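As a plain string of letters, each chain reads:
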Amino acid sequence: MKMLEVRNTDIKVSPINLGGNVFGWTLDEKQSFRILDEFTEHGFNFLDTADMYSFWVDGGAGGQSETIIGKWMSARKNRENLVIATKVGGETGNHPIDISKSHILKSIDESLKRLQTDYIDLYYTHWDDNTTPVEETLSAYAQIIEAGKVRYIAASNISPRRLNESMEMSEKENLPRYVALQPHYNLVYRSEFETDYAPLVSKYNFSVFPYWSLESGFLTGKYRTEADFDTTERGPGIKKFFDDRGKAILSALDSVAEKHKSKPAAVALAWLMANPLVTAPIASATSSSQLDTLVSAVRLSLDSEDIKTLNSASQPVT
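This write-up is about the structure you can find in this document. Since the model is a prediction, treat every value here as computed from it, not as a measurement. (Residues numbered from 1 in each chain as written. Predicted model: local features only at pLDDT ≥ 70, side-chain atom pairs only at ≥ 80, totals over all residues. Heavy atoms only, no water.)

Quick notes on the pattern of salt bridges
Then, in step 1: Taken as a whole and assessed by the stated rule, the structure comprises 18 salt bridges.
Then, in step 2: Residue Lys71 is joined to Glu29 by a salt bridge in which the shortest nitrogen-to-oxygen separation is 3.3 Å. Here Glu29 lies in helix H1 (residues 29-41) and Lys71 lies in helix H2 (residues 64-76), a separation of 42 residues in the sequence.
Then, in step 3: Residue classification places Lys71 among the partly exposed residues on the basis of a relative accessible area of 38%.
Then, in step 4: When its relative accessible area of 35% is taken as the criterion, Glu29 is described as partly exposed. (Salt bridge = Lys/Arg side-chain N within 4 Å of Asp/Glu carboxyl O. Helix = DSSP H or I, 4+ residues; strand = E, 2+ residues; numbered from the N terminus. Buried < 20%, exposed > 50% of the residue type's maximum accessible area, 1.4 Å probe, protein only.)

Okay, here's the thing in structure tokens:
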């Protein structure tokens, strides 16, 4: 399996980034260990988590996912073989969205302790409070990079304006610069990234790691009737996609999957991986069968006709 370069870094990552939001939520510690073992046994090395995961379980401080990953790395003694990405600034039951310097300096030490590691490979601004001056946030990152606690920084839920402002400030004041972007992007949710962020990706040469690559399961094809959405707590959030366009996307996924003897989820991930702006999509797995789908997506090569079919069905409504 070919490892991919994170642009402007010396980091090489697998073409799938395993989402850690399920660890300590829908998967307990033992189940999480099994998925992590299987993921790395396939040769993958890229894990994505956040300090806030999964505060919604008990309304508290979060940290369950980082704790499980830390215990697993300690037990397997494999930290040096992995690329660990975690995030700061997201809301928990203990604090609102916060990317102030004081919060970052406190949070990095807590994440390192939970992860049982001395450093984070990729540290994301998870959410932007739209209040903290970008220079303050970047100066905090400069301090923890200088201390060896973080190798590189990246951005997730930041407006194009603030992202551009951050990059200009990095250049002006010789502060750390974001090397990657983690946007919400997939077949059914295209317009925001393609219209607002893609120009910045090209301008600043970001690596791109899309989250919600399968839109909370919608793009797996699991939900085929109105009643299906009532069977999951995620139903209300994704039912809005089950319109004519959404049904056309599912039909296109079925068609391409049948052609390749694959699954809709694998096709949806392969579509992202075929985009030259995308480095590696993020996807979580709660079972061996779901993990097998991620593996098959890496091996799936879509041709130009497949891409045309999927692009046509998912063309954003203007």
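So much for the structure itself; the text now carries on.
Focus on the pairing of strand S5 (residues 83-88)
Then, in step 1: In terms of residue burial, S5 counts as a mostly covered element, since six of its six residues are buried.
Then, in step 2: Side chains Val83, Ala85 and Lys87 project from S5 onto one buried face, and the interleaved Ile84, Thr86 and Val88 project onto a second face that is buried too.
Then, in step 3: With three bridges connecting them, strand S4 (residues 46-48) and S5 associate as parallel partners. Counted as the bridge partner of Phe46 is Val83 from S5.
Then, in step 4: Once the chain exits S4 it traverses H2 before rejoining the sheet at S5, and the crossover so formed is right-handed.
Then, in step 5: Read from S5 through helix H3 (residues 101-115) to strand S6 (residues 120-127), the crossover connection turns out right-handed. (Pairing = 2+ DSSP bridges. Right-handed = clockwise from strand over helix to strand, strands pointing away.)

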